[in-house]
Amino acid sequence: MAFRCGFVSILGRPNAGKSTLLNSLLGEKIAIVARKPQTTRTAIQGVLNLPDAQIVLMDTPGIHESDTLLNKRMMDAVRAATEGRDALIYVVDASRDPDTDEERGMSVLKRSEAPAILAVNKIDRLQGKAELLPRLEKYQQMHGFSDYILISALTGAGLDELKASVVGKLPESPALFPPDYLTDQPERFLVAEFVREKILDLTSQEVPHSVAVLVDQWEDTPKMIRIHASVIVERDGQKGILIGSGGSMLKKIGTLAREDAERILGRKIFLSLFVKVKPKWREDPGFLAEIDPRSMAGL
Ligand SMILES: Nc1nc2c(ncn2[C@@H]2O[C@H](COP(=O)(O)OP(=O)(O)OP(=O)(O)O)[C@@H](O)[C@H]2O)c(=O)[nH]1
Ligand SMILES: [Mg+2]
């Protein structure tokens, strides 16, 4: 059988489970996941090697509308991820009825001529399949998908079928990436993202959206990697929440992020965090460029 290789983007509304799906397909946690919407802020590439194919996957920010410059940049990343693709995977939450926001979300698929597969995710949450049938009909009316596949990114159900469906849409081509290549994300960005994930997990309300993480120092020693990172918030009150009483919250965030980072980098890590206030950073183009993964590669 001929070898296939191609580019596939994972698209969908915030919280549908796109990043969980990417991690689950790769068997590695390279994209952060949270119960809160708008977790992913940039396009994240991950390469999946199969016996007969290589799939270059791209996870994207959830499709939403918002006015901040950060949110506009997130939507630019979504649109860019529809270009030059061999297939698109559109992820929906099977436990929710599709609404007009979903319809608007699906409109990005029209930007591309690539076939779109509907991945109906979170089927582990359904009591029975009865509630799903009317939803499937609605999805069908909303867009002409090439395939409809029921999955659970959490349990792995349906993922073999999804992979087979994707591979069938890829062109014959040799692999484009070496077999040990996993992601385009620089290590610094991964660590910053792990810190952000723990903050999303442990804080609520407006804090998650107001947080950015920047690695300031990265020192590779024979014994360990020493990392100093800044957690940037928009207001003093948020700074207080993140530090916690006697520094307890920041300590917890640091410990959990360090454990994730050690797992993926396979090294011992020392991680120290500082909290800084930077009002309105989400509107600051210079700062947004600083937290972009591409600018973290060359540090
Ligand atoms: N029960 C269940 N929960 C899931 C499944 N997939 C994802 N989740 C949960 O859904 C929430 C959102 O998951 P993410 O992977 O961060 O969703 P996303 O689409 O990447 O979200 P954004 O980055 O904000 O666009 C998390 O709490 C996940 O654990 C699934 O198959 N079943
Ligand atoms: Mg995500």
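Anything mentioned here points back to the structure above.
Overview of the structure. Small disclaimer: the values here were computed from a predicted structure and weren't measured.

**A few points about the packing of aromatic side chains**
Then, number 1: Applying the stated rule across the entire model yields four aromatic pairs.
Then, number 2: Here Y90 and F145 contribute two aromatic rings whose centre-to-centre distance is 6.3 Å and whose plane-to-plane angle is 45°, an arrangement assigned as tilted. Linking Y90 in strand 4 (residues 87–93) with F145 in the loop between helix 4 (132–142) and strand 6 (147–150), this pair joins segments that are 55 residues apart in sequence. In terms of burial, Y90 and F145 fall into one category: buried.
Then, number 3: An aromatic cluster of three or more residues is present, and its members are Y90, F145 and Y148.
Then, number 4: A cation over an aromatic ring shows up here: R226 above the ring of F270, its NZ or CZ 5.3 Å from the ring centre.

**Structural notes on the sheet that holds strand 2 (residues 44–50)**
Then, number 1: Read across the sheet, six strands follow the order 2-3-1-4-5-6 without closing on themselves; strand pairing throughout is mixed. Lying at the two open borders of the sheet, with one neighbouring strand each, are strand 2 and strand 6. Direction aside, neighbouring strands of the sheet carry axes that sit 25° apart on average.
Then, number 2: Pairing analysis gives four bridges linking strand 5 (residues 116–121) to strand 6, with the strands arranged parallel.

Quick notes on the rules
Residues numbered from 1 in each chain as written. Chains lettered and ligands numbered in written order. Predicted model: local features only at pLDDT ≥ 70, side-chain atom pairs only at ≥ 80, totals over all residues. Heavy atoms only, no water. Phe/Tyr/Trp six-rings, centres within 6.5 Å; stacked < 30°, edge-to-face > 60°. Helix = DSSP H or I, 4+ residues; strand = E, 2+ residues; numbered from the N terminus. Buried < 20%, exposed > 50% of the residue type's maximum accessible area, 1.4 Å probe, protein only. Lys NZ or Arg CZ within 6 Å of the ring centre and 35° of its normal. Pairing = 2+ DSSP bridges. Axes fitted to C-alpha atoms, helices over the stretch in contact; angles between N-to-C directions.

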